[in-house]
Amino acid sequence: MLIRRHDASAPPASEITPRAIWRDRRQLIAAAGGAALGGALPTLSPTQALASSAIMQGGDPKAQKLAATPSRLSTPERATPYKLVTTYNNFYEFGTEKDDPIKHAHRLRTRPWSVKVDGEVAKPRSFDIDELLTLAPLEERIYRMRCVEGWSMVIPWIGFPMAELIRRVEPTSKARYVEFVTLADPKQMNGLAIPVISWPYMEALRLDEAMHPLTLLTLGLYGEVLPKQNGAPVRLVVPWKYGFKSAKSLVSIRFVEKQPNTSWMRSSPEEYGFYSNVNPEVSHPRWSQATERRLGDDGFMQKRRSTLMFNGYTDQVASLYSGMDLRRNF
Ligand code: MTE
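Calculation rules
- Residues numbered from 1 in each chain as written.
- Predicted model: local features only at pLDDT ≥ 70, side-chain atom pairs only at ≥ 80, totals over all residues.
- Heavy atoms only, no water.
- Helix = DSSP H or I, 4+ residues; strand = E, 2+ residues; numbered from the N terminus.
- Buried < 20%, exposed > 50% of the residue type's maximum accessible area, 1.4 Å probe, protein only.
- Contact = heavy atoms within 4.5 Å.
- Areas by Shrake-Rupley, 256 points an atom, 1.4 Å probe, with all protein chains shown as cover.
- Near = heavy atom within 4 Å.
- Polar contact = N/O pair within 3.5 Å; in protein donor to acceptor, adjacent residues only side chain to side chain.
- 1 Å grid on protein atoms, 1.4 Å probe; cavity = no way out; pocket = protein on both sides within 12 Å on 5 of 7 lines; lining within 4 Å.
- Sits in = over half its atoms within 2 Å of the grid points.
- Nonpolar A, V, L, I, M, F, W, Y, C, P; charged D, E, K, R; others polar.

> Help me understand the overall build of the chain in this model?
The number of helices and strands found in the chain is 9 helices and 13 strands. Looking at the chain residue by residue over its 330 residues, the buried ones come to 54%. Of the contacts formed within the chain by residues at least 6 apart in sequence, a portion of 72% connects residues at least 24 apart. Element-wise, carbon and sulfur atoms account for 55% of the exposed surface of the chain, whose accessible area totals about 14800 Å².

> I'm lost on the site of the ligand in this one. Help?
Every one of the 17 residues lining the ligand counts as a neighbour, but Asn89, Tyr92, Glu93, Arg235 and Lys248 are closest to it. Note that an oxygen atom of the ligand is positioned 2.7 Å from one of the backbone N or O atoms of Tyr92. At a separation of 2.8 Å, a nitrogen atom of the ligand approaches a polar side-chain atom of Glu93. Look at the ligand: alone it shows 540 Å² of surface, and the protein chains cover 97% of it. The site holding the ligand turns out to be the largest cavity. The residue inventory of the shell around the ligand, partitioned by class, reads 8 nonpolar, 6 polar and 3 charged.

What follows is the structure, given as structure tokens:
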């Protein structure tokens, strides 16, 4: 997510990704060295293999492991190295630079933690994080993720469909949208001192989008519990939308009748619409969305790859938007 800067010397969006790739090249070389050890390993279960590949790619050997069943909804594309996934982040509560979350998110306390679910539901209640970890079978979903800034990654998330949680609270007939509110605690989050957007970070989906089988309530990645910089202890992942819809460190889920105004819509309504589906045909007012750079794969000198409609998930999600003008509903 890019903030409108009035400083004329600020780098344009097109310069941001190449700089990051340059910086991460050394990490990628290290990751490739680790992968070469793979042949020496005994045969492992998919989850063990996932965990050990995370370690070889620089995963945190001290992190709590999370068992998950591989999902048929995963993309077969090569996952972005763990090191990039966990060091190149957007989490503005900890600062606006890509390496701010890895530097500052260690201050986040993820226990005790609960997520309040209320609004237009028959059974409002709170879910403790340890209950969420066992609420439904955990799946490993390898998803393409596309940031509005023009870069993308492939990330092996662990979680369960948001629909599993929604079913348990029984939305009423008035529930048409779902709001996701994330933690805003200035004692833990240095970035809140700067009003980049209106805190707390708030995102929303239409109820049918939230119920879609691809929408993942996410508790881990790369075989381990979510690293803090990636939105611990629980976040949303919506792979056919720009990354900013995937709200991190959720504390509240609220079912409502009217379309909510999200934090990004409030701060810049002409740039960030409610739907925010990945759409190469609709440019951001300040740059094109037609292409992207896959971090870790597409080198600085290589051509950017074409961005796919709905981030490549057209077959699964296009029917949600049939009859809608996606230029108006951007
Ligand atoms: N959630 C919160 N609470 N705060 C944020 O700043 N950034 C969003 C999204 N969720 C953000 C957030 C943006 S712009 C992106 S691209 C993704 O998180 C990045 O997720 P990742 O760092 O795990 O790749």
